[in-house]
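# Architecture and fold: a report
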Amino acid sequence: MIEKRQGAVKHVTSHSNPIVKEIKGLVTQRKHRSQSGLFVAEGLKLATDALEAGWGVRYLALGPEARDNPVAQKAAATAKARGALILEASTAVMSAMTRKDNPQMVVGVYEQQLLGPRDIDPAGTTLWVALDRVRDPGNLGTIIRTVDAVGGAGVMLVGDCTDPFAVEAVRATMGSLFHVPLAKLTKDEFKALAGKWPGTVAATHLKGSVDYRSPDYAEPVLLVMGNEQKGLEDDMAAACSTLIRIPQVGQADSLNLAVATGVALYEIRRKHLEL
Ligand code: SAM
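Each value, and the rule that gives it
Residues numbered from 1 in each chain as written. Predicted model: local features only at pLDDT ≥ 70, side-chain atom pairs only at ≥ 80, totals over all residues. Heavy atoms only, no water. Helix = DSSP H or I, 4+ residues; strand = E, 2+ residues; numbered from the N terminus. Rg over C-alpha atoms; globule rule 2.2 N^0.38 Å. Buried < 20%, exposed > 50% of the residue type's maximum accessible area, 1.4 Å probe, protein only. Contact = heavy atoms within 4.5 Å. Areas by Shrake-Rupley, 256 points an atom, 1.4 Å probe, with all protein chains shown as cover. Polar contact = N/O pair within 3.5 Å; in protein donor to acceptor, adjacent residues only side chain to side chain. Near = heavy atom within 4 Å. Nonpolar A, V, L, I, M, F, W, Y, C, P; charged D, E, K, R; others polar. Arc of directions from axis to C-beta. Pairing = 2+ DSSP bridges. Axes fitted to C-alpha atoms, helices over the stretch in contact; angles between N-to-C directions.

Next up on the list: the overall build of the chain. When helices and strands are tallied, the chain shows 10 helices and 12 strands. In terms of C-alpha radius of gyration, the chain reaches 20 Å, essentially the compact-globule figure of 19 Å for 275 residues. Overall size of the chain, expressed as C-alpha extent along the three principal axes, is 60 × 35 × 35 Å. Taken over 275 residues, the chain has a buried fraction of 52%. Within the chain, contacts between residues separated by at least 24 positions form 79% of all contacts whose residues are at least 6 apart in sequence. Entry remark: accessible area of the chain is about 12800 Å², with carbon and sulfur atoms responsible for 49%.

Spelled out as structure tokens, the structure:
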């Protein structure tokens, strides 16, 4: 377990320090993340986003460059005031923690936030995206970032999905993880929610007969996306009111999941987005 000395500053010089090992475990192992309810986000921008959005912060590790950086010092002061343990570490220790040759100057350990099906209230929201068994952390992070960009209310992870708190997924969100609520649902929970959803439940599907540009998309919209390899499960598709397709020419079988989500989201939100 990580040492429970919080609201203090600690100098860390050894790779074998238990906190360094624990952070390394959070970076590399899903089991560690789910057992502790913690995760690692690298970089000063993500630290600033997390702190501004009020996420619980357990540790903030600062490399040597952070000591002269006023934004990093402010983040450290905020984190410390909220009870976090501040670690002042060498570049070698930052590298060991994150398993990277060029570590970021700030690495934070935050408390996970994940909603359940009963926490989702579609009333008054614009749209949610539901992902069926998303496997690729880069796709998941990119989708969370895009949902943030179009003003979506949140992302549902249905079935056995990749870990949204894996370092690669967190990195791909570019900070949107701290602004877009995430919910975890079983397939049955998703089907029950879709059955009573008050607005449009539209699934993107390669067999869809509706051009994605034609529906009216009454709000709140639930946009449902299939798995990267297998597409959307038949019973999940049956729970949706419309199967929409994005036209393609050329030889590609399908679009990348995150690209298809972005194309659909910008069409659904087109009338509501202005420069
Ligand atoms: N082999 C999979 C299949 O048969 O569905 C391809 C899955 S595709 C890489 C991942 C997801 O992106 C699909 O399940 C669908 O939700 C969406 N998608 C990709 N291209 C699409 C298109 N042209 N029209 C509608 N949805 C698309």
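Looking at the element boundaries, T162 is found in the loop between β7 (154–158) and α7 (167–173). Judged by relative accessible area, which is 10%, T162 ranks as buried. Engagement of the side chain of T162 in a polar contact is seen with the backbone oxygen of R135, the distance being 3.4 Å. Other than its neighbours up to four places away in sequence, T162 contacts R30, V134, R135, D136, P137 and L140.

Our focus in this paragraph is the site of the ligand. Surveying the vicinity of the ligand reveals 18 residues, the closest of which are T204, G226, I246, Q248 and L255. Backbone polar atom of Q229 to a nitrogen atom of the ligand: 3.0 Å apart, as the coordinates give it. Taken by itself the ligand offers 560 Å² of open surface, and the protein chains cover 85% of this. Residue assignment for the shell around the ligand shows that the elements contributing at least two residues are β12 (242–245) and α10 (257–268). Of the residues contributing to the shell around the ligand, the split by class is eight nonpolar, eight polar and two charged.

Let's shift gears to helix α8 (residues 187–195). Those residues of α8 not exposed but buried are F190, L193 and A194. Projection of α8 onto a plane perpendicular to its axis shows the buried side chains occupying an angular sector of 100°, all on one side. Along α8, exposed side chains directed more than 90 degrees from the buried face belong to D188 and G195. Of the surrounding secondary structure, the elements contacted by the buried residues of α8 are β6 (127–132), β7, β8 (182–185), β9 (201–204), β11 (221–225) and α9 (234–238).

Attention now moves to the sheet that holds strand β4 (residues 85–89). With mixed pairing, the five strands of this open sheet are ordered in space as β1-β4-β3-β5-β2. The two strands at the open ends of the sheet, each matched to only one other strand, are β1 (9–12) and β2 (38–42). Pairwise comparison of adjacent strand axes, ignoring direction, gives a mean angle of 20° for this sheet. As paired strands, β2 and strand β5 (residues 106–111) are joined by five bridges and run antiparallel to one another. Each residue of the ladder has a partner; that of F39, found in β5, is Y110. On the sheet, helix α1 (residues 18–28) packs against β1, β2, β4 and β5 and is oriented at approximately 90° with respect to β2. Of the strands in this sheet, β1, β2, β3 (57–62), β4 and β5 touch helix α5 (residues 91–98), which is tilted by about 120° from β4.

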